[in-house]
Amino acid sequence: MIRYFLIYFLLAMAINAPCSVVADSAEVELPSGFEDNKRCFQCHGQKFYSFENENSGRTERKAMNPNFVYNSQDFYKGVHRNFACTDCHSPDYTTFPHPSELRLEAMYTCLDCHGGDPTYAKFRFEVLDEEFHKSVHSTRHSEDFNCWMCHDPHSYKRMTSGEFKISEIVSYHNATCMECHANSYNFQRISDDIKPELKEIHDFLPNFELHFSAVRCIECHTSKLDTMWVNHNILPKEQAVRNCVECHSTNTILMASLYKYQNLEARKERGFLNSVILNEAYVIGANRNEYLNIISFIIFGLTFVGILVHIILRLMK
Amino acid sequence: MAERLYLYPIWLRIWHGINGILIVILIITGLSLQYSSNEYIRIRFDLAVSLHNISGILLSFNYVFFVIGNFVTGNIRFYILEWKGLADRIFKQSLYYISGMFKGESTPFPVNKDRKFNPLQKVSYIISMYVFVPLVIISGLALLFPEFIIHRVLGFSGIQLTALLHSATGFLISVFLIIHIYICTTGKPVSKNFKSMWTGWHE
Ligand code: HEM
């Protein structure tokens, strides 16, 4: 009885393992802007808001513009969780209705705060900025397309390090691109063109969904020579990777990009090149287990030698 | 000369021919996928994937045909194992292959209308047809529809384990194929068994 229970328990654990996504530690201590932001979230945190109308003297309930609604939980998981809204936006937003000239307010760019700051040197903001300005997004749409388009100021969080599962990194990353490339409304905020269907463009890939859940878009859409973890130079589509073997071979480009951190860590621990991909995904052609390889060569070898000896003996008879 | 026996009915020969061709395609494309590379010229990866998938699906249908055919025509009787004394019989047959046949001895289990296979053949056919081939088909179909695979099994990727099972079984089938074809050349003359498989008649 107990044995069955144990087996059941183990199975349940195994099946549920992917659901137990890392708990966020951010919520332990309150972010510094928390109190100030409550006021803004009262209106910008939900679909409807109420306010005292001084003219009529009544409390009125209205629908909020859905583009101006932000999830406070996402905000406090983001990299800028310690900010008050009014650190980036004018303090005059504390009044309602908001003064109309605030609409013309100039927004900060990433480099305004992060440029030249040694604290953030490891992110290489200047290099990323340069790369971004070479990308199709920037060259075709100039300043309409800026860093905030992908780095939502109200939710962007960092997924760049070995501590996340590759599947989590991939889905977060690709969701960023899908925000426009799978959503006509957002796409047309930038472009007059019709958004092409991702599935149709990529129908050269067998099992499109599996690929999109296992590799980042930038694996194929940025230069593979660049080993930056998050390459920001999106190349024109003609230069996208189409050749399967770029990934499906032992010298897979994924080693230098997507699997880089996991790879470095695994190598430190075990010095065993295959171990990384082995546990995260099965990339045909790239997952070759050295031991199994050797065993199969030995078995094939023995088979052939056996047959050869047999033939010789038959001929001698 | 022993009596002529009609051992390989037409449906079996058709099954066997299709099976052989498909398995060879699967082995070649499978190896090409497993060892895909940019430096050496192999079958183009996407082409190999398509060929491998199509052949695998055809092989599955062909396998179902084989199993049904075996039951319907009664050919299954050659595949029923008599456990008693099995080890002895296998030993005897092995001894014949590794020594008796060089001394000109005659085969210990000659073919007759109730005994198509010698014990060693029987066991290897049962293992390959009712263990290896089903395993390779099931794991292959699972890889084709990975959404059905349990995502993680005790800390390992389910796809990873399935793929391992698939390539390992594929490998074992390749080994079977090599030995199978070689053993078939031990007829007298060498072409005898192949002729039987072609005409259906055991001479
Ligand atoms: C493509 C190369 C192949 C050749 C030249 C070949 C040749 C032969 C020959 C000559 C026989 C008749 C001799 C005997 O009864 O042992 C035979 C029977 C048989 N072969 Fe093959 N074979 C090939 C591939 C395969 C493969 C890939 C499989 C299975 C995975 C297979 C399974 C069988 C089975 C089960 C029989 C017995 C059929 C029956 O009578 O019920 N063969 N083969």
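Conventions adopted
- Residues numbered from 1 in each chain as written.
- Chains lettered and ligands numbered in written order.
- Predicted model: local features only at pLDDT ≥ 70, side-chain atom pairs only at ≥ 80, totals over all residues.
- Heavy atoms only, no water.
- Helix = DSSP H or I, 4+ residues; strand = E, 2+ residues; numbered from the N terminus.
- Buried < 20%, exposed > 50% of the residue type's maximum accessible area, 1.4 Å probe, protein only.
- Contact = heavy atoms within 4.5 Å.
- Areas by Shrake-Rupley, 256 points an atom, 1.4 Å probe, with all protein chains shown as cover.
- Lys, Arg positive; Asp, Glu negative; His and termini not counted.
- Charge placed at Lys NZ, Arg CZ, Asp CG, Glu CD.
- Near = heavy atom within 4 Å.
- Polar contact = N/O pair within 3.5 Å; in protein donor to acceptor, adjacent residues only side chain to side chain.
- Nonpolar A, V, L, I, M, F, W, Y, C, P; charged D, E, K, R; others polar.
- Patch = residues over 30% accessible without salt bridge, like charges linked within 9 Å, V, L, I, M, F, W, Y side chains within 5 Å.
- Salt bridge = Lys/Arg side-chain N within 4 Å of Asp/Glu carboxyl O.
- Pairing = 2+ DSSP bridges.
- pLDDT = per-residue confidence, 0-100.
- Phe/Tyr/Trp six-rings, centres within 6.5 Å; stacked < 30°, edge-to-face > 60°.
- Lys NZ or Arg CZ within 6 Å of the ring centre and 35° of its normal.
- Disulfide = S-S within 2.5 Å.
- Donors = N, O, S within 2.8 Å, 3.2 Å for Na, K, Ca; no water.
- Axes fitted to C-alpha atoms, helices over the stretch in contact; angles between N-to-C directions.
- Parallel < 35°, antiparallel > 145°, perpendicular 65-115°, else oblique.
- Left-handed = near helix turned anticlockwise from the far one by under 90°.

### Section: the overall build of chain B
- When its secondary structure is counted, chain B shows six helices and four strands.
- When the elements of chain B are put in sequence order from the N terminus, they spell out β-α-α-α-α-β-β-α-α-β.
- When its C-alpha atoms are laid out on the principal axes, chain B stretches across 55 × 40 × 35 Å.
- Within chain B, the proportion of its 203 residues that are buried is 41%.
- Within chain B, counting contacts between residues at least 6 apart in sequence, those at least 24 apart form 65% of the total.
- Here chain B has roughly 11600 Å² of accessible surface; of this, 72% comes from carbon and sulfur atoms.
- Between the averaged position of the 17 positive side-chain charges in chain B and that of its 9 negative side-chain charges there is a distance of 6 Å.

### So, unusual backbone geometry
- Following Phe96(A), the chain continues to Pro97(A) via a peptide bond in cis, the omega torsion being -10°.
- Mapped onto the secondary structure, Pro97(A) falls in the loop between helix H4 (85–88) and helix H5 (110–114).
- In the segment running from Lys188(B) into Pro189(B), the intervening peptide bond is cis, with an omega of -5°.
- The phi angle at Arg124(A) is positive, at roughly 50°, despite the residue not being glycine.
- Along the chain, the position of Arg124(A) falls in the loop between H5 and helix H6 (125–134).
- Backbone geometry places Asn207(A), a non-glycine residue, at a positive phi of 55°.
- Take Asn207(A): its relative accessible area is 31%, and that puts it in the partly exposed class.

### Remarks on the site of the ligand
All names here are of chain B.
- What surrounds the ligand is a group of 21 residues, the closest being Tyr8, His16, Lys116, Tyr125 and His180.
- Note that an oxygen atom of the ligand is positioned 2.7 Å from one of the side-chain N or O atoms of glutamine 121.
- Note that a nitrogen atom of the ligand is positioned 2.8 Å from one of the side-chain N or O atoms of histidine 180.
- Each residue belonging to the shell around the ligand can be placed in one class, and the counts come to 13 nonpolar, seven polar and one charged.

### Considerations on a nonpolar patch on the surface
- Taken together, the side chains of Val305(A), Leu308(A), Val309(A), Ile312(A), Leu313(A) and Met316(A) present a nonpolar region at the surface, about 560 Å² in accessible area.
- Looking at the element boundaries, Ile312(A) is found in helix H15 (residues 290–316).

### A few points about the pairing of strand S1 (residues 48–52) of chain A
All names here are of chain A.
- Side chains of S1 alternate between two faces, with Tyr49 and Phe51 buried and Phe48, Ser50 and Glu52 left unburied.
- Summarising the sheet, S1 and strand S2 (residues 59–63) pair through five bridges and their orientation is antiparallel. By the bridge assignment for S2, tyrosine 49 is matched with lysine 62.
- The antiparallel pairing of S1 with S2 creates a hairpin that spans six residues between the two strands, and glycine 57 there sits at a positive phi of about 75°.

### A closer look at the confidence of the model for chain B
- Scored by pLDDT, chain B comes out at a mean of 88, with 92% of its residues at no less than 70.
- Under the prediction, the complex receives an ipTM of 0.83, its pTM being 0.79.

### Details of the packing of aromatic side chains
- In this structure the tally under the stated criterion is 26 aromatic pairs over all chains.
- The interplanar angle of 85° and the centroid separation of 6.5 Å between the aromatic rings of Tyr120(A) and Phe125(A) together place this pair among those described as edge-to-face.
- Given a relative accessible area of 18%, Phe125(A) falls into the buried group.
- Measuring from centroid to centroid gives 4.8 Å for Phe117(B) and Tyr125(B), while their planes differ by 80°, and the two rings are edge-to-face.
- Three or more aromatic residues link up through ring pairs in this structure, and these residues are Trp15(B), Tyr63(B), Phe66(B), Phe78(B), Tyr79(B), Phe117(B), Tyr125(B), Tyr130(B) and Phe176(B).
- One Lys or Arg, Arg242(A), reaches over the ring of Phe204(A) and ends 4.8 Å from the middle of that ring.
- The ring of Trp201(B) has Arg4(B) lying over it, and the distance from NZ or CZ to the ring centre is 4.6 Å.

### Some thoughts on the state of the cysteines
Residue and element names in this part refer to chain A.
- Using the criterion set out here, one finds zero disulfides over all chains in the structure.
- Cysteine cysteine 244 remains unbridged, with the sulfur of cysteine 247 as its closest cysteine sulfur at 8.9 Å.
- Cysteine 247 carries a free sulfur, and the closest cysteine sulfur to it, the one in cysteine 220, is 5.7 Å from it.

### Structural notes on the coordination of the iron atom of the ligand
- Distances from the iron atom of the ligand to its protein donors, namely His16(B) (NE2) and His180(B) (NE2), fall within the range 1.9 to 2.0 Å.
- With a relative accessible area of 17%, His180(B) lands in the buried category.

### Section: the pattern of salt bridges
Residue and element names in this part refer to chain A.
- For the structure on display, the rule yields nine salt bridges over all chains.
- The residue glutamate 35 makes a salt bridge to lysine 38 at a minimum N-O spacing of 3.5 Å. With glutamate 35 and lysine 38 both in helix H2 (residues 34–44), this residue pair falls three residues apart, about one helical turn.
- By relative accessible area, lysine 38 is classed as partly exposed at 45%.
- Residue lysine 199 pairs with glutamate 209 through a salt bridge whose shortest N-O separation is 3.6 Å. Of this pair, lysine 199 sits in helix H10 (residues 198–201) while glutamate 209 sits in helix H11 (residues 208–214), and the two are ten residues apart along the sequence.

### Some thoughts on the packing of helix H1 (residues 10–34) of chain B against helix H5 (residues 158–184) of chain B
Residues and elements named next belong to chain B.
- One can describe the packing of H1 onto H5 by two numbers: an axis separation of 11 Å at closest approach and a directional angle of 125°. Viewed along their axes, H1 and H5 adopt a mutual orientation that is oblique. As H1 runs across H5, the sense of the crossing is left-handed. Every residue of H5 that contacts H1 at His16, Ile23, Val24 and Ile27 is listed here: Ile173, Ser174, Leu177 and His180.
- Grouping the amino acids of the contact of H1 with H5 by side-chain chemistry returns five nonpolar, three polar and no charged.

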